[in-house]
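# Descriptive analysis of the structure
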Amino acid sequence: MAANKEWLKLKSGSFEESFSEKDWNDFAKAVGAQSSDLPTFSIRLFWNCEKALLDQMGLSLKQLLHGGQKFEYLEKLKPGTTYQVQSRITHVFEKKGKLELMTFVVVQSELQKDSQIFIRSEKTIIVRGES
Amino acid sequence: MTSKKVTVVTLESLKRYAQVSHDSNPIHQDEKAAKEMGLPGVIAHGMWIAGLIGEEAVQYQKAFLPHHRMISSETRFQGMAFLGDEIWIELEVKEKEKIELKALNQKKELLCSAFYLFSKA
């Protein structure tokens, strides 16, 4: 599908997210981990916010593949704490794949509390098919 | 470099991961939805595989850098894992505070690769 530069104007609004000790442990168990503080756990906390952006873009989840994921770990997360999450689209571009022209969307998100950033995320999404 | 088999992709494990991560993309649970999108079948969540890699990074840190903290990770997803595929993980120490991890299937095809950086706490 064609890259839509209008997507660059979209913003998610602010979402509140928290998690319990059980959520942490269940996430770790789902990947067979011994440690509960998995570095990928925050993907769960970014989900609702990033999904809201995708909904604004008119995209269906099944059109999407995960192309890349960066995290910066600035502060440790704690169960029972409420964090604020915000996301925005920073890049939209096209690349020719083996079979089709693919659209790439880069979503940057921040998880913070009291204006202190705990985790920065940069997710590259590959969009396939028509919206 | 070390290499080990860590798991096999099952529908049960992907459904459990979808539940705990909130990632409800149907291509990771529903064969019909996956085929509608031109995929041969259900594929594993990239972040499920990234979680397997992340656990290896945590264990490396605990063993070799106990007074450090993880500061960043960068993962690229380069291939798809299907039901029944084995997941192998390779770990290579690039520098003391920088490791590269790769997830491969049983055919040694690359699924994803990641760099993890650590610094003194």
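Attention in this report is confined to the structure presented alongside it.

## A look at the overall build of chain B
Of regular secondary structure, chain B possesses three helices and five strands. Ordered by position from N to C terminus, the α and β elements of chain B give β-α-α-α-β-β-β-β. Projected onto the principal axes, the alpha-carbon positions of chain B cover approximately 50 × 30 × 20 Å. The burial tally for chain B puts 50% of its 121 residues in the buried class. For chain B, contacts bridging at least 24 residues in sequence account for 62% of all contacts bridging at least 6.

## Digging into the environment of F19 of chain A
Residue and element names in this part refer to chain A. Checked against the element boundaries, F19 lands in the loop between β1 (11–17) and α1 (21–30). Spatially, the C-alpha atom of F19 lies 28 Å from that of Q63, the residues being 44 residues apart in sequence. Dropping the residues within four chain positions of it, F19 is found in contact with W24, F41, L45, L77, K78, P79, G80, T81 and Y83.

## A closer look at the layout of surface pockets
Size it by volume and the second largest pocket reaches roughly 430 Å³. What lines the second largest pocket is a set of 18 residues, among which D37, P39, Y73 and K76 of chain A together with M70 of chain B lie closest to the centre. Those elements that place two or more of their residues in the lining of the second largest pocket are α3 (46–64) and β2 (68–77) of chain B. Residue composition of the lining of the second largest pocket, by class: ten nonpolar, three polar and five charged.

## What to know about unusual backbone geometry
Despite not being glycine, S115 of chain A has its phi angle at roughly 65°, a positive value. Mapped onto the elements, S115 of chain A comes out in the loop between β4 (101–113) and β5 (116–127).

## Thoughts on the sheet that holds strand β3 (residues 83–96) of chain A
Taken in spatial order, the ten strands line up as β1(A)-β3(A)-β4(A)-β5(A)-β2(A)-β2(B)-β5(B)-β4(B)-β3(B)-β1(B) in an open sheet, and their pairing is antiparallel. Every interior strand has two partners, whereas the edge strands, β1 of chain A together with β1 (2–8) of chain B, have only one. The mean angle between the axes of side-by-side strands here comes to 20°, regardless of whether they run parallel or antiparallel. In this structure, β1 of chain A lies alongside β3 of chain A, joined through five bridges in antiparallel fashion. Paired with F15 of chain A across the strands is V85 of chain A, a residue of β3 of chain A. Contacts between α3 of chain B and the sheet are confined to β2 (64–73) of chain A together with β1, β2, β3 (86–95), β4 (98–104) and β5 (110–120) of chain B, with β5 of chain B contributing the most and set at about 35° to the helix.

## A closer look at empty space enclosed by the protein
Residues and elements named next belong to chain B. On inspection of all chains with the given rule, the structure shows one cavity of 30 Å³ or more. As for the largest cavity, its lining consists of M1, E90, L91, E92, E100 and K102. Put simply, the parts of the chain that give the lining of the largest cavity at least two residues each are β3 and β4. Ranked by the residues each element gives to the lining of the largest cavity, the list is headed by β3, at three residues. Among the residues forming the lining of the largest cavity, the class breakdown is two nonpolar, no polar and four charged.

## Considering helix α2 (residues 42–56) of chain A
Residues and elements named next belong to chain A. For α2, with 15 residues, the first-to-last C-alpha span of 22 Å sits near the 21 Å given by 1.5 Å per residue. Of all the bends in α2, the largest measures some 40° and sits at N48. Residues S42, I43, R44, L45, F46, W47, C49, E50, L53 and L54 constitute the buried set of α2. Remark: G58 follows α2 within two positions and exhibits a positive phi of approximately 75°.

## Some thoughts on the packing of aromatic side chains
The full count for this structure, using the stated rule, is eleven aromatic pairs over all chains. Relative to F64 of chain B, the ring of Y60 of chain B lies with its centre 5.1 Å away and its plane at 40°, an arrangement referred to as tilted. Of this pair, Y60 of chain B and F64 of chain B both sit in helix α3, four residues apart, roughly one helical turn. According to the relative accessible area criterion, F64 of chain B is exposed, its value standing at 55%. Members of the aromatic cluster, connected to one another through ring pairs, are F19, W24, F27 and F41 of chain A together with Y17 of chain B.

## Concerning the pairing of β2 of chain B
Two strands pair when backbone bridges link them, and β2 of chain A and β2 of chain B are joined in this way by five bridges, in the antiparallel orientation. What sits directly across from K70 of chain A, in β2 of chain B, is E74 of chain B. Note that β2 of chain B and β5 of chain B share nine bridges and pair antiparallel. By the bridge assignment, S73 of chain B is partnered in β5 of chain B with Y116 of chain B.

Reading guide: rules and limits
- Here the residue numbers are simple positions, counted from 1 along each chain's written sequence.
- All chains are assigned letters beginning at A, and all ligands numbers beginning at 1, according to the order in which they are written.
- Per-residue local features are limited, in this predicted model, to residues with pLDDT of at least 70; the limit for side-chain atom pairs, both in listing and counting, is 80 or more; totals at the level of whole chains, interfaces and linings are taken over all residues.
- To get the side-chain values, take all heavy atoms of the structure and skip hydrogens and water.
- To qualify as a helix, a DSSP run of H or I must reach at least 4 residues; to qualify as a strand, a run of E must reach at least 2; elements of each kind are numbered from the N terminus.
- The buried label goes to any residue with under 20% of its type's maximum accessible area, the exposed label to any with over 50%, and the partly exposed label to all in between, with areas taken from a 1.4 Å probe on protein chains only.
- It only takes one pair of heavy atoms within 4.5 Å for two residues to be counted as in contact.
- Put plainly, a pocket is an open set of points on a 1 Å grid over the protein atoms alone with protein on both sides within 12 Å along at least five of seven lines, a cavity is a set where a 1.4 Å probe fits but cannot get out, and a lining residue has an atom within 4 Å of a point.
- Grid points are joined across faces, edges and corners, and a volume is the space filled by probe spheres set on the points.
- Gly is put with the polar residues, along with every residue not named as nonpolar or charged; the nonpolar set is Ala, Val, Leu, Ile, Met, Phe, Trp, Tyr, Cys and Pro, and the charged set is Asp, Glu, Lys and Arg.
- Strands are labelled as partners when DSSP assigns at least two bridges between them.
- In this analysis an axis means a line fitted to C-alpha atoms, helices contributing only their contacting stretch, and an angle means the value between N-to-C directions, from 0 to 180 degrees.
- Expected span of a helix, by definition, is 1.5 Å for each gap between consecutive residues, and there is one gap fewer than residues.
- Note that the bend at a residue is defined as the angle between axes fitted to the seven residues ending at it and the seven residues starting at it.
- In summary, the pairing rule links any two rings of Phe, Tyr or Trp, Trp by its six-membered ring, whose centres are within 6.5 Å, and it sorts them by plane angle into stacked for under 30 degrees, edge-to-face for over 60 and tilted for everything else.

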